[in-house]
Amino acid sequence: MISGNKRRFFKIDSVAKLHENIHKLRSKLVAPFNTREELKDYQDLAHELYNSLFPGIDQEFLTGKTLCIIPDHDLQQFPFEVLITSPETPDAYLLNTSEINYAYSASFLNLNRLVKRNPPNYFIGFAPVEFNQALDSLPMSDEEITQIAGMFPGDLFLQYQASKQNFIDNAPDYKIIHLATHADVGEDTRPWIAFRDERLSLEELYATKNQAELVVLSACNTSQGELRAGEGLMSLARGFFSSGTQSVVATLWSADD
């Protein structure tokens with residue numbers, strides 16, 4: 001842990017137990033709690049994980065702080081926001097205590113900050129709604145980006161206009177990019193995101209460029225992908241970072257329309 005000019009190192013007693021608890025907590029997050037006992041089990045586990053990852057760090061120390069987390073291995077597929085900082089405090093989620101963001105490495109974070117971005121336009125939104133593929137329609141995605149466009153000046157690509165080529169041609173010129181669509185990781189762990197006519201693969205995304213300060217991936221599993229040893233998680237979020245984006249809002253699970 002690094003704070004200002006201070007550095008703190010600590011050893012996790014059992015890495016195997018840490019991995020086990022991470023997988024247990026993720027399994028508890030994918031469905032609503034039906035009983036108080038289920039909620040209590042989650043809170044106890046989330047607090048145990050907090051103590052493993054922030055040993056000796058109390059809630060007061062983190063309150064109001066910005067945490068930049070550089071996770072490795074299973075922690076790259078784990079939301080620190082859901083950790084419980086204090087079992088005695090209601091809703092003591094780390095999300096309610098601190099502003100949290102993530103980076104792939106300190107060197108990447110530094111390089112990302114040095115990128116010069118000067119897009120001529122502000123906001124662009126894509127919502128295919130219907131798809132020329134074996135994918136369900138997303139009727140509320142139209143309203144989603146239309147409401148956002150009411151707050152920011154920009155351009156919308158809806159229905160047939162939300163094509164893969166229109167994204168490739170136009171996205172580089174906008175400060176904020178919002179994609180309300182389908183995305184997932186296939187059986188071969190290769191991520192994709194859908195437009196009206198066809199899908200954009202992670203490999204194709206790496207070949208694009210953008211100047212966005214923010215990309216919002218309003219779709220399923222956009223932070224998921226193959227976990228490669230020594231390289232990290234190969235996800236759509238990482239693809240957008242590599243293409244020039246400063247910040248990405250992405251998902252670890254399925255997202256309802």
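Residues numbered from 1 in each chain as written. Predicted model: local features only at pLDDT ≥ 70, side-chain atom pairs only at ≥ 80, totals over all residues. Heavy atoms only, no water.

### Some points on the sheet that holds strand 7 (residues 174-180)
Part 1: One open sheet accounts for 5 strands, arranged 6-5-7-11-14; its pairing is parallel. Of all strands in the sheet, those bounded by a partner on one side alone are strand 6 (154-158) and strand 14 (247-249). Ignoring strand direction, the axes of neighbouring strands in this sheet form an average angle of 10°.
Part 2: One ladder, built from 5 bridges, connects strand 5 (residues 121-127) with strand 7; its direction is parallel. What sits directly across from F123, in strand 7, is I176.
Part 3: Packed onto the sheet, helix 5 (residues 139-149) meets strand 5, strand 6, strand 7 and strand 11 (214-218) and runs at close to 170° relative to strand 5. (Pairing = 2+ DSSP bridges. Helix = DSSP H or I, 4+ residues; strand = E, 2+ residues; numbered from the N terminus. Axes fitted to C-alpha atoms, helices over the stretch in contact; angles between N-to-C directions. Contact = heavy atoms within 4.5 Å.)

### Some words on the packing of aromatic side chains
Part 1: In total, this model carries 16 aromatic pairs according to the counting rule given.
Part 2: Relative to F80, the ring of F78 lies with its centre 5.7 Å away and its plane at 75°, an arrangement referred to as edge-to-face. Assigned by exposure class, F78 and F80 land together as buried.
Part 3: Among the aromatic residues, ring-to-ring pairing joins Y50, F54, F78, F80 and Y102 into one connected group.
Part 4: The side chain of K65 reaches across the aromatic face of F61, ending 4.7 Å from its centre.
Part 5: In this structure, R199 is placed above the aromatic ring of W192, and the distance from its NZ or CZ to the ring centre is 3.8 Å. (Phe/Tyr/Trp six-rings, centres within 6.5 Å; stacked < 30°, edge-to-face > 60°. Buried < 20%, exposed > 50% of the residue type's maximum accessible area, 1.4 Å probe, protein only. Lys NZ or Arg CZ within 6 Å of the ring centre and 35° of its normal.)

### A word on the nonpolar core
As a rule of thumb, nonpolar side chains are buried together in soluble globular proteins.
Part 1: F126, F167, I177, L179, I193, L217 and F240 are the most contacted members of the largest nonpolar core, which totals 25 residues.
Part 2: Elements supplying a minimum of two residues to this core: strand 5, strand 7, helix 7 (202-206), strand 11 and helix 8 (236-242).
Part 3: Looking at which element gives the most residues to this core, the answer is helix 8, with 4 residues.
Part 4: For F240, the residues in contact, after removing those within four places along its chain, are F167, L179, L205, N210, V215, L217, T245 and V248.
Part 5: Core analysis: the next-biggest nonpolar cluster, separate from the first, contains 23 residues, A46, L53, F54 and F78 among them. (Core = buried A, V, L, I, M, F, W, Y, C linked by side-chain atoms within 4.5 Å.)

### Here's the deal with the pattern of salt bridges
Part 1: One pass over the structure, following the stated rule, counts 6 salt bridges.
Part 2: Of the charged contacts in the structure, one is a salt bridge between E198 and K164, with a shortest N-O distance of 3.6 Å. Of this pair, E198 sits in the loop between strand 9 (191-194) and strand 10 (199-201) while K164 is found in helix 6 (residues 164-170), placing the two residues 34 residues apart along the sequence.
Part 3: For K175, the salt bridge is made with E213, and the minimal N-O distance between the two is 3.9 Å. Note that K175 is positioned in strand 7 and E213 in the loop between helix 7 and strand 11, a separation of 38 residues in sequence.
Part 4: Here the salt bridges do not stand alone but share partners, grouping K164, E198 and E204 into one network. (Salt bridge = Lys/Arg side-chain N within 4 Å of Asp/Glu carboxyl O.)

### As for the packing of helix 1 (residues 15-28) against helix 2 (residues 36-53)
Part 1: For the pair helix 1 and helix 2, interaxial distance at closest approach is 10 Å and the crossing angle is 145°. In this structure, the crossing between helix 1 and helix 2 has a hand that is left-handed. Side by side, helix 1 and helix 2 meet where K17, L18, N21, I22, K24, L25 and K28 of the first sit next to D41, Y42, L45, A46, E48, L49, S52 and L53 of the second.
Part 2: For the contact of helix 1 with helix 2, the residue count by class is 8 nonpolar, 2 polar and 5 charged. (Left-handed = near helix turned anticlockwise from the far one by under 90°. Nonpolar A, V, L, I, M, F, W, Y, C, P; charged D, E, K, R; others polar.)

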